[in-house]
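Examination of the molecular architecture
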There are 2 protein chains.
Amino acid sequence: MSKAIIDDVAARAGVSIKTVSRVVNREPNVRQPTRERVEAAIAELNYRPRLSARGLAGNRSFMLGLIYGKPGAHYVLDIQEGVLEMCRPHGYELVIHPGEFRDGDLANEISDLILDRRIDGVLLSPPISDHMEAIALLKDAGIPLVRIAPTIDKAAHPFVETNDLDASFDLAEVLIGLGHRRIGFITGHPDHRAVGLRFEGYRKALRANGIPFQGELVVVGDNRFHAGEEGARQLLQLASPPTAIFAANDEMAGGVIKTALVHGLRIPEQLSVVGFDDAPISRQVWPSISTIQQPIRDMAKTATSILLEQLRSGEAEQHPSMHPARLVLRESIAPPPSGKA
Amino acid sequence: MSKAIIDDVAARAGVSIKTVSRVVNREPNVRQPTRERVEAAIAELNYRPRLSARGLAGNRSFMLGLIYGKPGAHYVLDIQEGVLEMCRPHGYELVIHPGEFRDGDLANEISDLILDRRIDGVLLSPPISDHMEAIALLKDAGIPLVRIAPTIDKAAHPFVETNDLDASFDLAEVLIGLGHRRIGFITGHPDHRAVGLRFEGYRKALRANGIPFQGELVVVGDNRFHAGEEGARQLLQLASPPTAIFAANDEMAGGVIKTALVHGLRIPEQLSVVGFDDAPISRQVWPSISTIQQPIRDMAKTATSILLEQLRSGEAEQHPSMHPARLVLRESIAPPPSGKA
DNA sequence: GTGAAAGCGCTAACAG
DNA sequence: CTGTTAGCGCTTTCAC
């Protein structure tokens, strides 16, 4: 078994190998009864087309590439699983490639990936989805690509996205609705642009509620836990410290909580904290963090299906697809201390 | 460029394509000057052998499979990166396959993987590395495999491992050395056998120090944060609660810490907590958790190189390789409350 | 040591 | 709608 090749199937079904090929590739121009006969033969023989033979003859590799940065382990795994779920059933294999945004070698690594593996198409996940150099490279090589949650030059290629800005706006409004006026913000890593939109949402919410923006309440972070710790330290040292802190992701929000606890602050009574991502850490600290859940896995699936469609049709259809995020309110928020409100 | 094929190289070097093939495959029987000439031509033309052509002719796929469970996101990513780091330079691609230990379909999925992709070799990471059904399947199919941190039937196949038991013994002895006598233990998921060894280390340490084993101090967990919360709740409700809790992994240790905080206990003054894995969470909770760091990435690299060696030589060499773990002592431990010691 | 010929299993043009 | 004929680019025999 499993040694069956296309000739065996053709013989058993009483057709030519070309017809078998047509059935396997879902091409039209095969009469229904013929198709069924071939399919039966395939099933009986447990025939699986040899990928390398198909690749050699058709000049395709049946491999998709996923190039990703490291915005957090769970984010990466979610993306991977979403992509796998979509590409396996379609006969595509996935080649994963971790890449550093600032790594000068990324360009070389990508060339190697394309040249060596002859990837059929590429998925770019944040923050690499904003790495225009990489994108240009792929474009020049004529490799179809789909970007996940890009923030710049969005017209250039198909993409999927979520509404970071609006969700962030909503979350900030929740804090404002509770009575907070001095809300600190810890930004994400500057390279990670999608996270930058979260800052925009915060500012927009301030504006919408007539709260003046205060530069001293903003600290630049880098998406990591430690940046949250440091940022909180800075913010809490202000002459007039914030009554709430909005961290651009949950890792940093976790850092804020740790610092607050170390300083002996009670959360949420003395300080409200919110994050973004609905990462495991948001449920694991105490009190648990109010945050925003994104349909990461779904975005990855959609991105993959867009890429597969593009590979089939040959043309890049621009149907940007929006996967809305939603608020997850938990224990970490409360009205500001009465004296401050 | 990049369109160069073997004939181009042969022409430029003034040899036959067979000789080029020999050089590319590092075969013997090529005179040094000839080899150099060919290598020069390859470099000048930026020639890359087409994988599908090699695969078709040589009946290999140049793909390795990695089948893994979900013992934690960071664990998985570390393994992936270790494997990638090793196989890319050797011209192998990696096919990742997340699998559930209890999933009845795992067998089918693996068959598909083998049949469809014609994987050359497979790496099994915990807890799948103890999934004997999967292993039997691969063996029957004649697919070389290497297991990462297996605990049962270790003679059957090559493997890499770490000293879970000894490290766990050492950590338990640290607690005992501080004066603890009632030490709670929260076990890992029963399917995840490697984690089971950690329990053995704990028992061995008790024995070595003449402390009687008490069943009531042991709670069965499942490696997840929530199990740590629950387990701690149970242990702290005992008539005579433990003065220290050893969780079989850091996720659960994090849960223990959260429960302790919720109960108003101060750590480590009133309760010492230790975990295992040196996962990010061990640094992110407060106080940070004493734990054990394992060279996961290195294990993955070694496993991969063993597999590659096996593919080259054709025979499975049994040189089980041990990667020692090491203690990481942090804030979460102290002598027991004086009344209890 | 090196080369010539013969496929590997499939798809791409064409014919019919 | 179906079949025939050539390759795809490489590795294998097996000569030399």
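Computed from a prediction, not measured in an experiment: that's the story for all the values here. (Residues numbered from 1 in each chain as written. Chains lettered and ligands numbered in written order. Predicted model: local features only at pLDDT ≥ 70, side-chain atom pairs only at ≥ 80, totals over all residues. Heavy atoms only, no water.)

1. Considering the overall build of chain A
Our working rule: By the criteria applied, helices consist of DSSP H or I runs no shorter than four residues and strands consist of E runs no shorter than two, each listed in order from the N terminus. Computation of the radius of gyration draws on C-alpha atoms, with the globule rule given as 2.2 Å multiplied by the number of residues to the power 0.38. Think of it in three bands: residues with accessible area under 20% of the maximum for their type are buried, residues over 50% are exposed, and the middle band is partly exposed, with areas taken using a 1.4 Å probe on protein chains only. Note on contacts: a residue pair is in contact if any heavy atoms of the two residues lie within 4.5 Å. Accessible surface area values rest on a Shrake-Rupley calculation with a 1.4 Å probe, where residue burial reflects the displayed protein chains alone.
Of the regular secondary structure elements, chain A holds 13 helices and 12 strands. Taking 20 Å as the expected radius of gyration for a compact globule of 341 residues, we find that chain A reaches 25 Å, considerably beyond that expectation. Along the first, second and third principal axes, the C-alpha set of chain A runs to 85 × 35 × 35 Å. Considering chain A as a whole, with its 341 residues, one finds that 57% of them fall into the buried category. Considering only contacts in chain A between residues 6 or more positions apart, those separated by 24 or more positions represent 72%. On chain A, roughly 14300 Å² of surface is accessible, and the fraction owed to carbon and sulfur atoms is 50%.

2. Side note on the protein's contact with DNA strand D
Convention followed: Proximity criterion: a residue is near a molecule or strand once any of its heavy atoms comes within 4 Å of it. Think of a polar contact as two N or O atoms within 3.5 Å of one another; within protein, one of them needs to be a possible hydrogen donor and the other a possible acceptor, and neighboring residues in sequence only count if both atoms come from side chains. Residue type decides the class: Asp, Glu, Lys and Arg count as charged, Ala, Val, Leu, Ile, Met, Phe, Trp, Tyr, Cys and Pro as nonpolar, and the leftover types, Gly among them, as polar.
Close to DNA strand D lie 24 residues, the nearest being A:R31, A:T34, B:I6, B:K18 and B:Y47. Near the protein, meaning within 4 Å, the atoms of DNA strand D are sugar or phosphate in a fraction of 59%, with bases accounting for the rest. Between A:A57 and DNA strand D, the recorded distance is 3.2 Å, taken from a backbone N or O atom to a base oxygen. Measuring from a phosphate oxygen of DNA strand D, one finds a backbone N or O atom of B:R50 at 3.2 Å. The set of elements that each furnish at least two residues to the surface near DNA strand D consists of α2 (17-24) and α4 (51-58) of chain A together with α2 (17-24) and α4 (51-58) of chain B. When residues of the surface near DNA strand D are assigned to their parent elements, the largest contribution, 4 residues, is made by α4(B). Per-class residue counts for the surface near DNA strand D are 11 nonpolar, 7 polar and 6 charged.

3. A word on the packing of helix α5 (residues 73-87) of chain B against helix α13 (residues 296-313) of chain B
Residues and elements named next belong to chain B. To keep it simple, the criterion reads: In this description, a line fitted to the C-alpha atoms serves as the axis of each element, helices being fitted only across the stretch in contact, and the angle between N-to-C directions of two axes falls anywhere from 0 to 180 degrees. Here the angle decides the label: under 35 degrees means roughly parallel, over 145 means roughly antiparallel, 65 to 115 means roughly perpendicular, and every other value means oblique. Note on convention: the crossing is left-handed when the near helix lies turned anticlockwise from the far helix by less than a right angle, right-handed when the turn is clockwise.
In contact at an axis separation of 7 Å, α5 and α13 are set at 40° when each is read in the N-to-C sense. As the angle between them shows, α5 and α13 are arranged oblique. Two packed elements cross with a definite hand, and for α5 against α13 that hand is right-handed. Facing Y75, D78, I79, E81, G82, V83, E85, M86 and C87 of α5, the residues of α13 in contact are I296, R297, A300, K301, T304, S305 and L308.

4. Here's the deal with the domain arrangement of chain A
Rules: These domain limits were set by an automatic method or by a database of domain assignments.
The domains assigned to chain A are domain 1 (6-49), domain 2 (63-161 + 296-323) and domain 3 (164-294). Computed from C-alpha atoms alone, the centre-to-centre distance between domain 1 of chain A and domain 2 of chain A is 33 Å.

5. Structural notes on the relation of the copies chain A and chain B
What relates the two chain copies is a rotation about an axis together with a slide along it. Inclusion rule: Only residues with pLDDT of at least 70 in both copies count here: their C-alpha atoms drive the least-squares fit that superposes the copies.
Between chain A and chain B, the superposition needs a rotation of 180° and an axial shift of 0.0 Å, giving an RMSD of 0.1 Å. As the rotation angle and translation indicate, the two copies are arranged about a two-fold axis. The position closest to the rotation axis in chain A is occupied by the C-alpha of A:S52, lying 2.2 Å away. A share of 100% of interface residues in chain A that are also interface residues in chain B marks the association as one of identical surfaces.

6. Looking at the protein's contact with DNA strand C
Surrounding DNA strand C, one finds 24 residues, the nearest of these being A:I6, A:Y47, B:T19, B:R31 and B:T34. When atoms of DNA strand C within 4 Å of the protein are split into backbone and base, the sugar-phosphate part holds 62%. Interatomic distance of 2.9 Å between a backbone N/O atom of B:S16 and a phosphate oxygen of DNA strand C. At the level of elements, α2 and α4 of chain A together with α2 and α4 of chain B are the ones that each hand at least two residues to the surface near DNA strand C. Grouping the amino acids of the surface near DNA strand C by side-chain chemistry returns 11 nonpolar, 7 polar and 6 charged.

7. What to know about the sheet that holds strand β9 (residues 272-274) of chain B
All names here are of chain B. Filter applied, for reference: For two strands to be treated as a pair, DSSP must find at least two bridges joining them.
If you trace the 4 strands from one edge of the open sheet to the other, you get β7-β6-β8-β9, paired in parallel fashion. Each edge of the open sheet carries a strand with a single partner, namely β7 (218-219) and β9. As paired elements, strand β6 (residues 183-186) and strand β8 (residues 244-247) share 4 bridges and run parallel to each other. Within the sheet, the bridge partner assigned to I186 lies in β8 and is A247. The strands touched by helix α11 (residues 250-262) within the sheet are β6, β8 and β9, with β9 carrying the most contacts at an inclination of about 160°.

8. Regarding unusual backbone geometry
Backbone torsion omega between A:P126 and A:P127 reads -5°, so that peptide bond is classified as cis. The residue A:P127 is located in the loop between β3 (121-124) and α7 (132-140) in this model. For A:N29, which is not glycine, the phi torsion reads 65° and is therefore positive. Tracing the chain through its elements places A:N29 in the loop between α2 and α3 (32-45). Classification of A:N29 by relative accessible area gives exposed; the value is 73%. With a phi close to 55°, B:N46 is a non-glycine residue in the positive phi region.

9. Things to note about the sheet that holds strand β6 (residues 183-186) of chain A
Residue and element names in this part refer to chain A. Strand order in the open sheet formed by 4 strands is β7-β6-β8-β9, with parallel pairing between adjacent strands. Edge positions in the sheet fall to β7 (218-219) and β9 (272-274), since each of these pairs with one other strand and no more. The strands touched by helix α10 (residues 225-236) within the sheet are β6, β7 and β8 (244-247), with β6 carrying the most contacts at an inclination of about 145°.

10. A short note on the environment of A:V30
Residue and element names in this part refer to chain A. By the element assignment, V30 lies in the loop between α2 and α3. Residue classification places V30 among the buried residues on the basis of a relative accessible area of 15%. Separated by 11 residues in sequence, V30 and T19 place their C-alpha atoms 7.4 Å apart. In contact with V30, other than residues within four places in its own chain, are T19, R22, V23 and R35.

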